[in-house]
Amino acid sequence: MYCIYLKKRKNKPFCKLLDREITFAECSAENTVNNCREYETKNFKNSFYKKSTLNKKSPLKSGKIKKQTYKHQKADRNRASIITNNLTNCYICGKKTVNIHEIFYGSYRHTSIKWNLTIPLCLEHHTFGENAIHNNRKLDLKIKILAQTIFENKFSKELFIKEFGIDYIEKYKKD
Ligand SMILES: [Zn+2]
Ligand SMILES: [Zn+2]
């Protein structure tokens, strides 16, 4: 058990009462250096170490990667799709997937990933040639409208517009 005045500062144990860095030994229940007997019931030391180990490993701590970027990297790793559960075959032709395509790519790419609005596509349907979604406006809009429809059924139209700025169904229904 540790004192309620024990805080974490610069990732080190810090006593608010003494207003200086301390060691855990100084702050243990057996030690009366602080002259305080108010101990928290939770195991502070364990949570302290748990947190500081996490911070050490985290790129956030090193300052090399910005918070936002780190969040995006994590989202990139845990890619999923609300359109299909099969992420290994091209959504259009069934070929072995080469890429996961963000349906609302461009400035809404990260929002797309956030809501799992992605589909697996082979090279020909992704970036290579005239049938590729990035070169074929008709296919692009078809998939965008499908994604919006699925999103709306799951959540709402209001949320879709709030997140993606455009009502694709309304805007491109004549295309
Ligand atoms: Zn394909
Ligand atoms: Zn793409």
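Residues numbered from 1 in each chain as written. Chains lettered and ligands numbered in written order. Predicted model: local features only at pLDDT ≥ 70, side-chain atom pairs only at ≥ 80, totals over all residues. Heavy atoms only, no water.

Trainee: Can you help me understand the coordination of the zinc ion (ligand 2) in this one?
Mentor: In an ideal octahedron of six donors the angles at the metal are 90 or 180 degrees, and in an ideal tetrahedron of four donors they are 109.5 degrees. Only His101 (ND1), His126 (NE2) and His134 (NE2) from the protein coordinate the zinc ion (ligand 2), and they sit 2.0 to 2.1 Å from it. Read in sequence order, the donor residues coordinating the zinc ion (ligand 2) give the pattern H-x24-H-x7-H. Given the relative accessible area of 10%, histidine 126 is considered buried. Residue classification places histidine 134 among the partly exposed residues on the basis of a relative accessible area of 33%. (Donors = N, O, S within 2.8 Å, 3.2 Å for Na, K, Ca; no water. Buried < 20%, exposed > 50% of the residue type's maximum accessible area, 1.4 Å probe, protein only.)

Trainee: Quick question: what am I supposed to make of the coordination of the zinc ion (ligand 1) here?
Mentor: Distances from the zinc ion (ligand 1) to its protein donors, Cys90 (SG), Cys93 (SG), Cys122 (SG) and His125 (ND1), fall within 2.1 to 2.3 Å. One can describe the donor arrangement at the zinc ion (ligand 1) as tetrahedral, given that its four donor atoms subtend angles of 103 to 115° at the metal. Read in sequence order, the donor residues coordinating the zinc ion (ligand 1) give the pattern C-x2-C-x28-C-x2-H. Overall, the relative accessible area of 3% leaves cysteine 90 in the buried class. With a relative accessible area of 38%, cysteine 93 lands in the partly exposed category. (Tetrahedral: all angles 85-135°; square planar, octahedral: opposite > 155°, others 65-115°.)

Trainee: Looking at this structure, I do not really get the side chain of threonine 118. What am I missing?
Mentor: Locating threonine 118 in the fold gives a position in strand β5 (residues 118-121). Given the relative accessible area of 0%, threonine 118 is considered buried. Here threonine 118 is in contact with Ala80, Ser81, Ile83, Ile100, His101, Glu102, Ile103, Ser112 and Ile113, once residues within four sequence places are set aside. (Helix = DSSP H or I, 4+ residues; strand = E, 2+ residues; numbered from the N terminus. Contact = heavy atoms within 4.5 Å.)

Trainee: Looking at this structure, I do not really get the nonpolar core. What am I missing?
Mentor: Generally speaking, a soluble globular protein has its nonpolar side chains buried in company with each other. In this structure, Ile83, Ile103, Phe104, Leu117, Ile119 and Phe160 are the most contacted members of the largest nonpolar core, which totals 20 residues. Contributions of two or more residues to this core are made by β5, α6 (137-154) and α7 (157-164). Broken down by element, the residue count for this core peaks at five residues, all from α6. Once residues within four sequence positions are removed from consideration, isoleucine 119 is found in contact with Ser81, Ile83, Tyr91, Asn99, Ile100, His101, Ile103, Ile133 and Ile143. (Core = buried A, V, L, I, M, F, W, Y, C linked by side-chain atoms within 4.5 Å.)

Trainee: Just to check I follow, could you spell out the pattern of salt bridges for this structure?
Mentor: Side-chain pairing between opposite charges can occur once the charged atoms of the two side chains come close. Following the criterion strictly, the structure yields seven salt bridges and no others. The partner of glutamate 124 in a salt bridge is lysine 95, with the nearest N and O atoms 2.7 Å apart. Highlighted residues: glutamate 124 in helix α5 (residues 123-126) and lysine 95 in the loop between α3 (67-77) and β4 (99-102), separated in sequence by 29 residues. Among the salt bridges present, the one from aspartate 140 reaches lysine 144, with a minimum N-O distance of 2.8 Å. Here aspartate 140 and its partner lysine 144 are both found in helix α6, four residues apart, which amounts to about one turn of the helix. Lysine 144 gets classed as buried once you look at its relative accessible area, which sits at 7%. When salt bridges with common partners are traced through the structure, they connect Glu152, Lys157 and Asp167 into a single cluster. (Salt bridge = Lys/Arg side-chain N within 4 Å of Asp/Glu carboxyl O.)

Trainee: Just checking my understanding: could you explain α6 for this structure?
Mentor: What sets the pattern is the α-helix's 3.6 residues per turn: residues three or four places apart point alike. Under the 1.5 Å per step criterion, the end-to-end length of α6 is 25 Å for 18 residues, consistent within 8% with the ideal 26 Å. Those residues of α6 that fall on the buried side of the exposure criterion are Leu139, Asp140, Leu141, Ile143, Lys144, Ala147, Gln148, Phe151 and Glu152. Buried residues belonging to α6 abut β5, α7 and α8 (168-171). (Expected span 1.5 Å × (residues − 1).)

By themselves these figures say nothing about function.
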